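Here is how the chains run, residue by residue.
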Amino acid sequence: EPEVTQTPSHQVTQMGQEVILRCVPISNHLYFYWYRQILGQKVEFLVSFYNNEISEKSEIFDDQFSVERPDGSNFTLKIRSTKLEDSAMYFCASSGQGDTEAFFGQGTRLTVV
Amino acid sequence: AQSVTQLGSHVSVSEGALVLLRCNYSSSVPPYLFWYVQYPNQGLQLLLKYTTGATLVKGINGFEAEFKKSETSFHLTKPSAHMSDAAEYFCAVSRGSSNTGKLIFGQGTTLQVKP
């Protein structure tokens with residue numbers, strides 16, 4: 001069964017460092033999303049991406065964040081200068097044309113120390 | 001604007017008992033509604049969804065939910081709880097069309113199942 005794959009499963013980084021979280025969406029999907037879940041809190045929408053551009057973003061998705069689809073298969077989330085409060089589980093999701101649901105990856109747990 | 005409220009951050013039931021997890025939503029447009037389950041240290045798995053049509057929807061693992069527009073609710077039920085149902089459950093809403101992308105999640109409800 002096709003699935004969304006995220007790497008790494010856990011990443012530890014020092015405050016102020018840049019981090020890139022990687023996702024491989026389901027192969028024929030066209031719509032891509034990032035969500036985050038701070039420990040003990042709800043899942044929050046960050047950004048959606050379609051046709052090589054951001055289609056919608058939340059207030060959380062400030063200038064420290066960027067997304068890219070560099071090679072037609074990967075979908076990345078970059079945090080330019082990490083802060084302690086960026087520590088969270090980050091979920092990638094994708095959906096195909098006409099889908100009414102998004103398919104989620106297993107998540108990357110980011111710990112900023 | 002859309003929002004989701006899950007009543008009860010923790011629900012505890014005995015094995016074999018009815019499971020009822022409550023979800024109320026707010027939406028200015030006809031919504032799509034979802035229930036996701038998250039097991040410890042795992043991702044989000046879709047349990048069921050309501051888009052259009054029949055208001056009682058059945059999902060995986062014996063769960064079902066009923067969309068009640070008049071009550072703006074989408075409560076999740078299961079007639080008989082299993083130990084394996086212990087997990088975090090999230091209700092979510094999106095704008096009622098495909099590829100809307102943006103899901104708004106509730107705070108989540110932790111289901112504990114006692115032997």
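The shown structure was predicted, so the numbers you read here are calculated from the model rather than taken from an experiment. (Residues numbered from 1 in each chain as written. Chains lettered and ligands numbered in written order. Predicted model: local features only at pLDDT ≥ 70, side-chain atom pairs only at ≥ 80, totals over all residues. Heavy atoms only, no water.)

### Notes on the overall build of chain B
Argument step 1. Scanning chain B from N- to C-terminus turns up zero helices and eleven strands.
Argument step 2. The helix and strand sequence of chain B, counted from the amino end, reads β-β-β-β-β-β-β-β-β-β-β.
Argument step 3. The C-alpha radius of gyration of chain B comes to 13 Å, within 12% of the 13 Å expected for a compact globule of 115 residues.
Argument step 4. Referenced to the eigenvectors of the C-alpha coordinate spread, the extents of chain B come out at roughly 40 × 30 × 20 Å.
Argument step 5. Relative to its full complement of 115 residues, chain B shows a buried share of 47%.
Argument step 6. The contacts in chain B between residues at least 6 apart in sequence include a share of 57% that link residues at least 24 apart.
Argument step 7. When the accessible surface of chain B is summed, it comes to about 5,300 Å², and 51% of that surface belongs to carbon and sulfur atoms.
Argument step 8. Across chain B, the mean location of the 9 positive side-chain charges is 9 Å away from that of the 6 negative side-chain charges. (Helix = DSSP H or I, 4+ residues; strand = E, 2+ residues; numbered from the N terminus. Rg over C-alpha atoms; globule rule 2.2 N^0.38 Å. Buried < 20%, exposed > 50% of the residue type's maximum accessible area, 1.4 Å probe, protein only. Contact = heavy atoms within 4.5 Å. Areas by Shrake-Rupley, 256 points an atom, 1.4 Å probe, with all protein chains shown as cover. Lys, Arg positive; Asp, Glu negative; His and termini not counted. Charge placed at Lys NZ, Arg CZ, Asp CG, Glu CD.)

### As for the overall build of chain A
Argument step 1. In terms of helices and strands, chain A carries zero helices and eleven strands.
Argument step 2. Taken from the N to the C terminus, the helices and strands of chain A come in the order β-β-β-β-β-β-β-β-β-β-β.
Argument step 3. A compact globule built from 113 residues should have a C-alpha radius of gyration of about 13 Å, and chain A, at 13 Å, falls within 12% of that.
Argument step 4. Principal-axis analysis of the C-alpha atoms places the extent of chain A at approximately 40 × 25 × 25 Å.
Argument step 5. Counting only contacts in chain A whose residues sit at least 6 apart along the sequence, the fraction spanning at least 24 positions is 54%.
Argument step 6. Separation between the mean location of the 9 positive side-chain charges and that of the 15 negative ones in chain A comes to 6 Å.

### Observations concerning the packing of aromatic side chains
Argument step 1. Enumeration according to the criterion identifies 17 aromatic pairs over all chains in this entry.
Argument step 2. Taking the centre distance of 5.3 Å and the plane angle of 40° together, the rings of Phe 49 of chain A and Phe 75 of chain A count as tilted. Within this pair, whereas Phe 49 of chain A is found in strand β5 (residues 43-50), its partner Phe 75 of chain A is found in strand β8 (residues 75-79), the two being separated by 26 residues in sequence. Both residues of the pair, Phe 49 of chain A and Phe 75 of chain A, count as buried.
Argument step 3. Seen from their ring centres, Tyr 50 of chain B and Phe 67 of chain B are 4.3 Å apart, and the 20° between their planes marks the pair as stacked. With Tyr 50 of chain B in strand β5 (residues 44-50) and Phe 67 of chain B in strand β7 (residues 64-68), this residue pair connects regions lying 17 residues apart in the sequence. Residues Tyr 50 of chain B and Phe 67 of chain B agree in their burial class; the two are buried.
Argument step 4. Within the aromatic cluster, the residues linked to one another by ring pairs are Tyr 35, Phe 45, Phe 91 and Phe 104 of chain A together with Phe 34, Tyr 36, Phe 90 and Phe 105 of chain B. (Phe/Tyr/Trp six-rings, centres within 6.5 Å; stacked < 30°, edge-to-face > 60°.)

### Overview of the interface of chain B and chain A
Interfaces are often sized by the amount of accessible area the parts lose when they come together.
Argument step 1. Taken together, the contacts link 21 residues of chain B with 21 residues of chain A.
Argument step 2. Of the roughly 1,800 Å² buried between chain B and chain A on both sides combined, carbon and sulfur atoms contribute 50%.
Argument step 3. Summed over the shared surface of chain B and chain A, the result is two salt bridges.
Argument step 4. Put simply, Lys 49 of chain B and Glu 101 of chain A hold a salt bridge, and the shortest N to O gap is 2.9 Å.
Argument step 5. Linking chain B with chain A are six residue pairs in polar contact (both at pLDDT 80 or more), by the criterion used here.
Argument step 6. Within the residue set of the side of chain B that touches chain A, elements represented by two or more residues are β4 (31-38), β5 and β9 (87-95) of chain B.
Argument step 7. Take the side of chain B that touches chain A: its biggest share by element is four residues, from β4 of chain B.
Argument step 8. Residue classes in the side of chain B that touches chain A are distributed as eight nonpolar, ten polar and three charged. (Buried area = accessible area lost by both parts, 1.4 Å probe. Salt bridge = Lys/Arg side-chain N within 4 Å of Asp/Glu carboxyl O. Polar contact = N/O pair within 3.5 Å; in protein donor to acceptor, adjacent residues only side chain to side chain. Nonpolar A, V, L, I, M, F, W, Y, C, P; charged D, E, K, R; others polar.)

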